[in-house]
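Each chain, written out:
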Amino acid sequence: MTEHDEHPTAQREQAPGEAGGNQPRQAAGGHPRQPVQDNGAKVSTDVTPAGPAEAAIPELVIISGMSGAGRSTAAKCLEDLGWFVVDNLPPALIPTMVELGARSQGNVARIAVVVDVRGRRFFDNLRESLADLEAKHVTRRIVFLESSDDALVRRFESVRRPHPLQGDGRIVDGIAAERELLRELRGDADLVIDTSSLNVHELRAKMDAQFAGEEEPELRATVMSFGFKYGLPVDADLVADMRFLPNPHWVPELRPYTGLNDEVAAYVFNQPGAKEFLDRYAELLRLVAAGYRREGKRYVTIAIGCTGGKHRSVAMSEKLAARLVAEGVETVVVHRDMGRE
């Protein structure tokens, strides 16, 4: 896209304090890809497609393994890939969860359940639940996270937390007890991942390789305009300052309007450096986005600021969001402080 693209091409959301405002980011989940408006915007309403009368049985992944081996990281990876994830669900309730997913009319097509020794009093029910799922022809996979004793001890000591099964003993005693408890489940696992020498990013890459298919993991961006006089956004990953551009506030005929107004936007982008900044910053974000994808980062918040968050930052945010949409990045625009003065 060129520097003269029309700006309202990404989904625009008001700040939470404005009337009708939505939350600035949607939570990851098992929803279908959202439709696109005529202007290319992603709409935030869930659309339930018409489907067959017969309920579709969700795909199921059971994540288990040694405490400290990376179960939470594996679960978070599946959540970012669109799976509906339930942590520490009693095994006896797994068939019920699958049944509820089947009734969701396709909105919950993939379920991941984390089963661990925190629910050990329910653990004996796992075998019965797996047999029930097999009888119902549920497609299920068991992912088992493994790690060496040395690696697990180092991890527990680094966070200064006891092993959930060590009781009055040592960490190694808890690890040994857990290995014995999980021995049979490990033997039934469809995928065993040894995380002894893996960092978080390498584990996410292995999970992506197994469950993301051939599609590159999506990156979702929030472009947020804000006013410096109201403070920096606490959730910003990247911050850019538009105060190097002349302020339309000092132009009487433009002062009442915002950066969404065509005349204000034209004024901003006719200033020296505005178009050049947009081109170079969009190029920088292209480089950063590629790195985020490699590192398994799924969300980025790009904050664009000016003095009051009304003119320059709003106009630049709209243009920048249009560039991201053109690059295939799912983008939401939030004008945090617009209308606040």
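A brief structural summary. Model, not experiment: these values are computed from the prediction.

Description of the overall build of the protein
Right, on to step 1. If you tally the helices and strands in the protein, you get nine helices and 10 strands.
Right, on to step 2. In the protein, buried positions account for 46% of the 341 residues.
Right, on to step 3. For the protein, long-range pairs separated by at least 24 residues make up 79% of all intrachain contacts whose partners lie at least 6 apart in sequence.
Right, on to step 4. By element, 50% of the accessible surface of the protein is carried by carbon and sulfur atoms, the whole surface being about 17,600 Å².

Here's the deal with the pairing of strand β4 (residues 110–114)
Right, on to step 1. Judged by how many residues are buried, β4 sits mostly within the fold: four of five residues are covered.
Right, on to step 2. When strand β2 (residues 59–65) meets β4, the two strands line up parallel, connected through five bridges. Counterpart to Glu 59 in the pairing with β4 is Arg 110.
Right, on to step 3. Bridge count between strand β3 (residues 84–87) and β4: four bridges; the pairing is parallel. The partner of Val 86 across the bridge, within β4, is Val 113.

A word on the packing of helix α1 (residues 71–80) against helix α6 (residues 200–211)
Right, on to step 1. For the pair α1 and α6, interaxial distance at closest approach is 9 Å and the crossing angle is 50°. Taken as axis vectors, α1 and α6 run oblique relative to one another. Both α1 and α6 take part in a crossing whose hand is right-handed. Within the contact between the two elements, α1 uses Thr 73, Ala 74, Lys 76, Cys 77, Leu 78 and Asp 80 and α6 uses Val 200, Leu 203, Arg 204, Met 207, Asp 208 and Phe 211.
Right, on to step 2. In the contact of α1 with α6, the residues fall into seven nonpolar, one polar and four charged.

Considerations on the side chain of Arg 204
Right, on to step 1. Among the structural elements, Arg 204 can be located in helix α6.
Right, on to step 2. At 2.7 Å, the side chain of Arg 204 forms a polar contact with the side chain of Asp 80.

A few points about the pattern of salt bridges
Right, on to step 1. Counting across every chain of the model gives 20 salt bridges.
Right, on to step 2. Here Arg 183 ties to Glu 180 by a salt bridge, and the two come within 3.0 Å at their closest N and O atoms. On the criterion of helical spacing, the pair formed by Arg 183 and Glu 180 is a turn pair, its members being three residues apart in helix α5 (residues 171–188).
Right, on to step 3. The class for Arg 183 is exposed, based on a relative accessible area of 53%.
Right, on to step 4. Sharing partners across several salt bridges, the network here consists of Lys 76, Glu 79, Asp 80 and Arg 204.

Regarding the side chain of Ser 129
Right, on to step 1. Within the secondary structure, Ser 129 is located in helix α3 (residues 126–135).
Right, on to step 2. Once you skip the residues sitting within four places of it in the chain, Ser 129 turns out to touch Pro 91, Ala 92 and Pro 95.

Re helix α7 (residues 262–269)
Right, on to step 1. All of the buried residues in α7 are Val 264, Ala 265, Val 268 and Phe 269. Each buried residue of α7 sits inside an arc of 125° when the element is viewed along its axis, so together they form one side. Residues of α7 that are exposed and point more than 90 degrees away from the buried face comprise Asp 262 and Glu 263.
Right, on to step 2. If you follow the buried residues of α7, they end up packed against α8 (274–294) and α9 (312–326).
Right, on to step 3. For α7, the side-chain oxygen to backbone nitrogen distance between the N-cap and Glu 263 is 2.8 Å, and the N-cap itself is Asn 261.

A closer look at the sheet that holds β4
Right, on to step 1. Across the sheet, five strands lie side by side as β3-β4-β2-β5-β6; this open sheet has parallel pairing. The open sheet has two edge strands, β3 and β6 (191–194), and neither has a second partner. Here the average twist between neighbouring strands, direction ignored, is 20°.
Right, on to step 2. Along the sheet, helix α2 (residues 94–102) makes contact with β2, β3 and β4, crossing β4 at roughly 160°.

Thresholds applied
Residues numbered from 1 in each chain as written. Predicted model: local features only at pLDDT ≥ 70, side-chain atom pairs only at ≥ 80, totals over all residues. Heavy atoms only, no water. Helix = DSSP H or I, 4+ residues; strand = E, 2+ residues; numbered from the N terminus. Buried < 20%, exposed > 50% of the residue type's maximum accessible area, 1.4 Å probe, protein only. Contact = heavy atoms within 4.5 Å. Areas by Shrake-Rupley, 256 points an atom, 1.4 Å probe, with all protein chains shown as cover. Pairing = 2+ DSSP bridges. Axes fitted to C-alpha atoms, helices over the stretch in contact; angles between N-to-C directions. Parallel < 35°, antiparallel > 145°, perpendicular 65-115°, else oblique. Left-handed = near helix turned anticlockwise from the far one by under 90°. Nonpolar A, V, L, I, M, F, W, Y, C, P; charged D, E, K, R; others polar. Polar contact = N/O pair within 3.5 Å; in protein donor to acceptor, adjacent residues only side chain to side chain. Salt bridge = Lys/Arg side-chain N within 4 Å of Asp/Glu carboxyl O. Arc of directions from axis to C-beta.

Without other data, these values stay purely geometric and don't point to any function.
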